Amino acid sequence: MLQRTMTGAWSTILRWDTDYSADSVEWCPVEPYRNVLVCGTYQLQKSEEDVKAEKQTRLGKIYLFNFKNDAAVLSPIQTIQTFGVLDQKWCYHTVQSYPLLAVVTSVGAVQLYKLQDNNGALELIIWLEHVIDPDVLALSVDWSTNKTSSEEPRLLVSDSAGCIHVLAIREHNLQVIGKWKSHSFEAWIGAYNYWNSDIFYSGGDDCLFKSYDVRIADIATGVNKRHEAGVTAIRSHINEEHQLLTGSYDEKVRLWDTRQLKACLKEENVKGGVWRLKWHPFKSQVVLAACMYGGFRVLQVHDNVEILSEYMEHESIAYGADWKFDEEKSLAATCSFYDCKMHISEVRF
């Protein structure tokens, strides 16, 4: 189906039923695996025993796909049963010769999977796991090395108790670097400044947007109170040094200069609470936004923030969104929660 809106058009290529509620889709950025896509899901289940104990069991699945542009159907090549998946991110380069996928779960764990290629048979294999706190949900994860390469990259994990955790890969272990109590309620998002991995940012349900320097213990280097609701998305630009985007439940996307975070440069109401923001890998002014009850948007970010197109084919909360690393076509994967759907679409500008 071709959906024309504003100055762009979305063409849905494939749809797939995710079984559990879908909240995360991520394309692998590492050559030659840019056809690889993962979808993460989250399902709240209550058994009679859980009700008696007042506990909630959250299950999840990670689906691995090897997408071909001429595919007639979507079918996963691997399904991993795990706890509820809240976020996933691929490392932008190999570590110890493997592409790595970081996953954070509903039991407060961060898991690292290696993508193994056995003569074309692709498989995710669990490599490392660390539980930051078994009594919290790990809500988001980010890699320090989206711009640079390192055999000892760091991971930033946010949680439902309002904390931010920094971990580093040290040979065959995950080492805790530090923990910050950043927010009074859920720390929905943590993100690195990809130009300086000592700097990171957090956003919380307390409406605060904070910046930190890992070399300075305990305290935030900046606190911004301009968001009108919880801060749910933060994304540094890997091509424009000082550009940073935030998204919020207040339905606004804001553009910031990281040298001056007291006030944003521009903002735009995108007609839905913003859960994820992804810069286009080859069109540096284009952004994909998952806007929860408002569907998905493609934005142009330059001197201002402008909505180029919208995608309303999903029938539930728009949570997961990512661009395929494809220089010829702008392909996007999107997923939605209660209707348990993942779509792959082509976006034309």
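Basis of the calculations
- Residues numbered from 1 in each chain as written.
- Predicted model: local features only at pLDDT ≥ 70, side-chain atom pairs only at ≥ 80, totals over all residues.
- Heavy atoms only, no water.
- UniProt positions renumbered as here; feature names shortened; annotations may be inferred.
- Helix = DSSP H or I, 4+ residues; strand = E, 2+ residues; numbered from the N terminus.
- Rg over C-alpha atoms; globule rule 2.2 N^0.38 Å.
- Buried < 20%, exposed > 50% of the residue type's maximum accessible area, 1.4 Å probe, protein only.
- Contact = heavy atoms within 4.5 Å.
- Pairing = 2+ DSSP bridges.
- Axes fitted to C-alpha atoms, helices over the stretch in contact; angles between N-to-C directions.

In the annotation of an unreviewed UniProt entry, the protein chain is listed under the name methylated diphthine methylhydrolase and assigned to Arctia plantaginis. Per UniProt, the protein chain carries the Sequence similarities (unreviewed entry) text "Belongs to the DPH7 family."

Caption draft 1: Representation of the overall build of the protein chain. A count of helical and extended segments in the protein chain gives one helix and 29 strands. A globule of 349 residues ought to have a C-alpha radius of gyration of about 20 Å, and the protein chain, at 19 Å, matches this closely. Summarising its shape, the C-alpha atoms of the protein chain cover approximately 50 × 50 × 45 Å along the three principal directions. By residue count, 60% of the 349 residues in the protein chain fall in the buried class. Contacts in the protein chain between residues at least 24 apart in sequence constitute 51% of all its contacts with a sequence separation of at least 6.

Caption draft 2: Region of the structure containing the side chain of Ser144. Tracing the sequence through the fold places Ser144 in the loop between strand E11 (138–143) and strand E12 (154–159). Once residues lying within four places of it in the same chain are set aside, the contact partners of Ser144 are Pro153, Arg154, Tyr192, Tyr194 and Ser197.

Caption draft 3: Up close: the sheet that holds strand E9 (residues 109–118). As summarised here, the arrangement of the four strands in space is E7-E8-E9-E10, forming an open sheet in which the pairing is antiparallel. In this open sheet, the two edge strands, each paired with only one partner strand, are strand E7 (85–90) and strand E10 (121–131). When the angles between neighbouring strand axes are averaged without regard to direction, this sheet yields 25 degrees.

Caption draft 4: View of the environment of Trp275. Its location among the elements puts Trp275 in the loop between strand E22 (266–269) and strand E23 (276–279). On the basis of relative accessibility, which here comes to 9%, the residue Trp275 falls in the buried class. As for Trp275 and Ser150, which are separated by 125 residues in sequence, their C-alpha atoms are 28 Å apart. Look past the residues within four positions of Trp275 in its chain and what remains in contact with it is Trp188, Thr232, Ala233, Tyr249, Ala290, Met292, Ala318 and Tyr319.

Caption draft 5: Examining the sheet that holds strand E20 (residues 243–248) more closely. Strand order in the open sheet formed by four strands is E19-E20-E21-E22, with antiparallel pairing between adjacent strands. Both edges of this open sheet fall to strand E19 (231–236) and E22, since each of them pairs with a single strand only. Recorded for the sheet is a direction-independent mean angle of 15 degrees between the axes of neighbouring strands. Looking at chain direction, E19 and E20 are connected through five bridges and run antiparallel.

Caption draft 6: Layout of the environment of Ala321. Note that Ala321 resides in strand E27 (residues 318–323). Judged by its relative accessible area of 2%, Ala321 falls in the buried class. Considered as a pair, Ala321 and Ile164 are 157 residues apart in the sequence and their alpha carbons are 23 Å apart. If we skip the residues at most four places from it in the chain, Ala321 touches Val25, Lys278, Leu288, Ala290, Phe296, Ala333 and Thr334.

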